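Structure assessment
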Amino acid sequence: MITQFLLRGFDRKIVAVLFVLLAIGVLVPASNLLLSPENPLHVPTYAMSLFGKYLCYALLALALDLVWGYCGILSLGHGAFFALGGYAMGMYLMRQIGSRGVYGDPVLPDFMVFLNWKELPWFWHGFDMFWFAMLMVVVVPGLLAFVFGWFAFRSRVNGVYLSIITQAMTYALLLAFFRNDMGFGGNNGLTDFKDILGFSIQADGTRAALFAATALFLALCLAIASGIVSSKFGKVLVGVRDAESRVRFLGYRVEHIKLFTFVVSAMMAGIAGALFVPQVGIINPGEFGPGNSIEVVIWTAVGGRGTLIGPIIGAVLVNFGKSVFTGAFPEIWLFALGGLFIAVTLFLPRGIVGTIQHRFKARQAMKAARDAESGIDSDTKIQPAE
Amino acid sequence: MTTFRNAAAAFAFLLSLLFSGLAAAQSDPAALFDQLGKANFAETEKIIAELGKTGDVKLVPAFEAFSAGDLYLRKEDGKVFVARGTGATLQLFNPATGEATGEAAKGALTKLKVNNTVRRAINNALGGLTLLSPDKAVRFAAAQAVLKSPSADNLALLEAALEKETDSGVRTIMEEAKAVSLLSSDRPVDQKKLAIETIKKIGGRDAIGILRSAEASVDASLKPDIDKAIAGIEDTLKLWDAAQNVWYGLSLGSVLLLAAIGLAITFGVMGVINMAHGEMVMIGAYSTFIVQEFIRQNAPELFDWSLAIALPVAFVVTGAVGLVLERSVIRFLYGRPLETLLATWGVSLVLQQAVRSLFGPTNREVGNPSWMSGSFQLGGLAITWNRLWIILFSIVVFLALLALLKRSAFGLQMRAVTQNRRMASSMGIKTPWVDAFTFALGSGIAGLAGVALSQIDNVSPNLGQSYIIDSFMVVVFGGVGNLWGTLVGALSLGIVNKFLEPYVGAVLGKILVLVLIILFIQKRPRGLFALKGRAVE
Amino acid sequence: MSLKIKLSGALLAAAMSATALSGAFAAEDTIKIGVLHSLSGTMAISETTLKDAVLMLVEEQNKKGGVLGKKLEAVVVDPASDWPLFAEKARDLIAKDKVAAVFGCWTSSSRKSVLPVFEELNSILFYPVQYEGEESSRNIFYTGAAPNQQAIPAVDYLLEEEGVKRFVLEGTDYVYPRTTNKILEAYLISKGIPKEDILINYTPFGFSDWQTEVAKIKEFGSAGKKAAVVSTVNGDANVPFYKELGNQGIKATDIPVVAFSVGEEELAGLDTKPLVGHLAAWNYFQSVEADANAEFIKTWHAYTKNDKRVTNDPMEATYIGFNAWVKAVEAAGTTDTDKVLDSIIGVAVPNLSGGYSTVMPNHHITKPVLIGEIQEDGQFSIVKETASVVGDEWSDFLPDSKDLISDWRAPMSCGNFNVATGKCGGKGK
């Protein structure tokens, strides 16, 4: 396995999380499929797809952490890569509907039929093939990230300027995808999918498989991300984050390093989007909304930036909270969510995982200090500088 | 629906119209008014024209009442009255003479329905009737009404009125109205030729409209004249179009400037990525709403002053909110700009929901004072008053802020703190308070923007969300930390947007502007007016 | 390390216990219905009112003794104007809360998002907003207007009463205006309006700078023929649109605007004096003179404790849908989805304009079309009322849908039966 190969460089925490993810990926679908609904350990299908959705968000947050936590690029447009991956998957799923659409047109999706489109736009060709669609899931976001990053990093756009133009990018895409003339279904987006690879998308078995795939991909991407950050390249990456000019003066091509990370991260976000779409059953331009991208940043911050594990926990926790609150306190849940963001920034500036790690290390340091009877300034160690 | 009578009745009515011809009963206004009670919209239109032809000035109040929906049918005898008053019983007046004729319970009356067709007919008739009014303003309005709805019927009246008219302003309009009416009459060709020239001089879209509609009916020999006149007008319009686009762009730019200028302080000067900025704008707009509500209930005569009163209120309210926000949240986050993004995003969610809980999720009505309504013509430019005031207001705010920063002690301290906090502190400046008041200032200005935006946009909990992204774009495009950059950035984005819009449409125009910003940042990574020196890093 | 295991374990446990808990709350003697309207985000502005309307109807029904001898219980959730969240919440309501029916959605996107969920889990959605048609699901009842129940009568009015010869079709760029304008364009051409006299224009969501667009309308209207605007501009963008119309001096007597998304609620945020005479087409206005309406308004004012709260068309659609559901459940004697789907077809309930609305086999309803002119007080003066019209889900004016019909009764049971080929399309089999 690839994971086996990558395992060598990892610390124990990552390995533990990898195993947990794989275990979840096996156990939850198994419990859903094999146990009877009466069994207390049975996971109902809706809970499984909900959890699957959280895992997609977790993957997106992980992708963001790679660029933000380790490379210092605060992208406010990662939702765009996520949505593009989702659209690629959605287009595949639309083509799979075939003649089962409401108008029975064998080629054209329904929304094209009733808007009087006569033939399939060129960019829809090929999406009837699964492999091509899956290729596009990583190629399209990757390409956009490459082009965008190529210009931005070469011109040394950074800090808040970079954040704002990533926001402009996702906002422009939002407006573009809203346009019906674009041929992506406009505001309604792509929906009413039937099956994936021949399996009905509504069957419990398919849902279980999708869930397992999500957990697996999350584990895989975590392994890759961890591999990157713990390699020699990763050290340079952190160097770029903390003192870009120095790294440049040392002779590294900072823009290449940034570009590579940005593209990898965008591809991961694309995969997250592709896994998201069949599980929630819709992709529409709303996913490009600047607010969504900001939320991803918040999940990452809540969980702990620059920890890889933190964003996963943050994404799952915040979204779980959102699901519970919107159901339990529909009128006032925004107070709770808004309050949470304020509280986390004020009281847990390192995020959940970051704080725990910090405490742990501080305790170790204290112990070491007591042992060695010399002080260590634990404060400067973990927290990344801006 | 009581007003929709069946077809048979309508037919019978038309027959009666036909047979009665010009009999006395027909031109008897009282009888005509009573017919209104049963007429449908098309018939009503005819009756009104008939009434208008009587030339009886006494009918004017009845027409005005009809237009305002004060004409009623008494159910018991089918007679029509002007009814006025509030409460359960209304005062009745004879529509033909204006005499009071007792009163009736509201339940015993049915309101006569008015629609646009009827309203147009009333305006026409009123125009004809009031052309000879002793009041200059009324004559002016009448001439304009006739100008708007050309009809050969008015020609004789117009000529009579022109003979007596002494005021040159009214005369001009009447001449134009005469030309317009003449075109659709059976007057000789040479008179029409002159009329075309007069209409050409009026200019504008309306003139083209009049000429186009006349084109179908006039003598073929006049066609070339009309075409030439239209072409001439269109040429002038083309020139004005460019100016009009600049105007639209300036006006959009001034809105962007207002929305962004507060952010230029909190974000540009202080480095706080203030996602709650839009909500400050929203609070400013809601302050305006509260002030107006208060005025409506307690001192309606002050309504035209409501915005002037709302300005300081909004400034103080949002400034106070900003101050509290700075003291309770932001001050712990200095030096960590990206974390201010998260916290202020949380704040914006809380503020939105708070406003939603307090004022409800729906739009609130903020009225336009009379001096902000309507428009006027400046050459070929149509300029709306509210846009003009907003442009002026944004410039005033900009200059005031600039003066505050450059000329006041507080501005000096503020600049000192942003440039070198430690040094400023050691010079005895209370940096925490300077921070707090700087943030309050930025928020207060957002509140002022809210007052202005309440005049052109929804006052709803979502108001701020629609401006926050644009505001950031403006500040970044102009160059963080530079007020002039914000000014130039806002105006140029506005103008570019408005020049693109007619060609590519509103949606694509906006996308192109965003792409343009992205490309521009590649070229100048620190915006239009980049700060230089050590403060940059 | 082990912390993560504990955390995720705890999380799963929490998720499951949440399920178990809410299951336990479901007392035996209530029937639950779901309310799926956004209470936050961009759509809260419109949808919150409908949530209140459903809650009021539930309260009223419970005063009458509930349904089938059981009290109704409304389960309110907030899908936060987020379309995937709509699907998630729909799944929650049906699978977890076991609601008998759901009242909800406003935008087409939200309906499209939940449609597969309702079909998969076999539940019922009542959708109360006017929409573009071109859909008929076994599990959805469309109590708002289809294009033929709103757009076409409105254009007829313009053609006949106002004598309009030139049309601007102004819309927000999304599916409802696109489809409606396609239908209207085909309809106008069939009425002999030449193509160059129809201008179609789109603006983005929440558009607020209308100067150029309004100037364009003015220009289009100065071609010597009577012009009118047919507006499918969506919610938020309307206020600045009308403000700009008023300020640029476009009066209803010059260029009337007839809108399909502007009702009493939207006007409540506007100074309507400059707008007098502009039109709207709906199936209900608050100013309708009918006893049922007077009663409804009274109850609404009492329920909201605010006698200024206006009523609007989607509220009437909710009212009709709710009462039809109650009647169908009582006829079926159960809330079982399949039985209710059978019994609801043909059910006629009073609407608020003084007549009856019948649930048709195509899951749309019959209702009259009203044209109203805006008045100074923010209400509408009704200038035309048609007889009851059956909602036409597959428009006759679109080439691909003119052969389709929908009939969900037993033998056919198809949402898109093609009368030309005699076959049921992709669905229903």
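The model shown is predicted, which means the values in this text are computed figures rather than measured ones. Numbers given to residues run from 1 along each chain, matching the order in which its sequence is written. Chain letters and ligand numbers both follow the written order, the letters beginning at A and the numbers at 1. Where local features are concerned, this predicted model is filtered to residues with pLDDT of at least 70; where side-chain atom pairs are given and counted, the filter is 80 or more; whole-chain, interface and lining totals use all residues. Only hydrogens and water are set aside when side-chain values are computed; all heavy atoms of the structure are taken into account.

Overview of the confidence of the model for chain B
Residue and element names in this part refer to chain B. As a reminder, the rule being used: On a range of 0 to 100, pLDDT expresses the predictor's confidence in each residue. Two residues form a contact once any of their heavy atoms are found within 4.5 Å.
The pLDDT averaged across chain B works out to 84; a share of 94% of its residues lies at or above 70. Note that pLDDT drops below 50 for residues 1-5; the model gives that stretch 15 contacts with residues more than four away or on any other chain. Every residue in residues 533-537 is under pLDDT 50, and counting partners more than four places away or in other chains gives two contacts. The ipTM, which scores confidence in the relative placement of chains, is 0.88 for this predicted complex, and the corresponding pTM is 0.88.

Things to note about helix H12 (residues 290-303) of chain A
All names here are of chain A. The line we're drawing: What counts as a helix is a DSSP run of H or I of at least four residues, what counts as a strand is a run of E of at least two, and both are numbered from the N terminus. The span one expects for a helix is its residue count, reduced by one, times 1.5 Å. Relative accessibility under 20% of the residue-type maximum defines a buried residue, over 50% an exposed one, and the middle range a partly exposed one, all with a 1.4 Å probe and only protein chains included.
Helix length check: H12 (14 residues) gives 20 Å between terminal C-alpha atoms against 20 Å at 1.5 Å per residue, within 8%. Where burial is concerned, most of H12 is hidden: twelve out of the 14 residues are buried. Taken together, the buried positions of H12 are occupied by Pro290, Ser293, Ile294, Glu295, Val296, Val297, Ile298, Trp299, Thr300, Ala301, Val302 and Gly303.

Regarding the interface of chain B and chain A
Convention followed: A simple way to read buried area is as the amount of 1.4 Å-probe accessible surface that goes missing from two parts once joined, with both sides added. One side-chain nitrogen of Lys or Arg within 4 Å of one carboxyl oxygen of Asp or Glu is enough to make a salt bridge. A 3.5 Å cut-off defines polar contacts: any pair of N or O atoms within that distance qualifies, except that in protein one atom must be a possible hydrogen donor and the other a possible acceptor, and neighbouring residues in sequence count only when both atoms are side-chain atoms. Asp, Glu, Lys and Arg are counted as charged, while Ala, Val, Leu, Ile, Met, Phe, Trp, Tyr, Cys and Pro are counted as nonpolar; the rest, among them Gly, fall into the polar class.
Listed by partner, the interface residues are 42 residues for chain B and 42 residues for chain A. Summed over both partners, the interface of chain B with chain A comes to about 3700 Å²; 78% of that surface belongs to carbon and sulfur atoms. Looking only at chain B, the three residues that lose the most surface to chain A are Leu338, Leu342 and Gln522 of chain B, adding up to 17% of its buried area. Joining chain B to chain A, the criterion identifies zero salt bridges. In this assembly, chain B and chain A are joined by six residue pairs in polar contact (both at pLDDT 80 or more). It is helix H15 (residues 337-359) of chain B that contributes the most residues to the side of chain B that touches chain A, 15 residues altogether. Looking at the side of chain B that touches chain A, its residues break down into 28 nonpolar, eight polar and six charged.

Some thoughts on the UniProt feature "transmembrane region" (unreviewed entry) in chain B
Residue and element names in this part refer to chain B. Spelled out, the test is: UniProt positions are given in the numbering used here, feature names are shortened, and annotations may be inferred rather than shown by experiment.
Taken from the UniProt record, the annotation "transmembrane region" (unreviewed entry) applies to residues 246-273, 305-325, 337-355, 388-405, 432-452, 472-496 and 503-521. For residues 305-325, the helix share is 95%, the strand share is 0%, and the end-to-end C-alpha distance is 30 Å. Taken end to end, residues 388-405 comprises 100% helix and 0% strand; its first and last C-alpha atoms sit 26 Å apart.

Let's talk about the sheet that holds strand S9 (residues 257-259) of chain C
Through backbone hydrogen bonds, the strands of a sheet pair up, either in parallel or in antiparallel fashion. Residue and element names in this part refer to chain C. As a reminder of what qualifies: Two strands form a pair only when DSSP identifies at least two bridges running between them. Angles shown run from 0 to 180 degrees and are taken between the N-to-C directions of axes, each axis being a line fitted to C-alpha atoms and, for helices, limited to the stretch in contact.
Sheet architecture is open: seven strands sit in the order S7-S6-S8-S9-S10-S13-S14, paired in mixed fashion. Each edge of the open sheet carries a strand with a single partner, namely strand S7 (198-203) and strand S14 (380-390). When strand polarity is set aside, the average angle formed by the axes of neighbouring strands in this sheet is 20°. Judged from the four bridges that link them, strand S10 (residues 279-282) and strand S13 (residues 366-374) form a sheet pairing that is antiparallel. Note on S13: the bridge partner recorded for Ala280 is Gly372. With respect to the sheet, helix H6 (residues 175-190) is in contact with strand S6 (166-172), S7 and strand S8 (227-232), its orientation differing from that of S7 by roughly 180°.

Some details on the domain arrangement of chain B
What counts, and what does not: Domain delimitation in this document rests on an assignment produced automatically or drawn from a domain database.
Taken domain by domain, chain B comprises domain 1 (7-118), domain 2 (132-218) and domain 3 (240-380 + 421-505). Between the C-alpha centres of domain 2 of chain B and domain 3 of chain B the distance comes to 47 Å.

Quick look at the side chain of Lys367 of chain C
Residue and element names in this part refer to chain C. Spelled out, the test is: In this tally, Lys and Arg are treated as positive and Asp and Glu as negative; His is ignored, and so are the chain termini.
For Lys367, the position within the fold is in strand S13. For the buried Lys367, no salt bridge exists, and the shortest N-O distance to an oppositely charged side chain is 4.5 Å, to Glu316. A polar contact of 3.4 Å, which involves the side chain of Lys367, links it to the side chain of Asn283. With residues up to four places along the chain from it excluded, the contact list for Lys367 reads Thr143, Gly144, Ala145, Gln149, Asn283, Glu316, Ala317, Ser357, Ala387, Ser388 and Val389.

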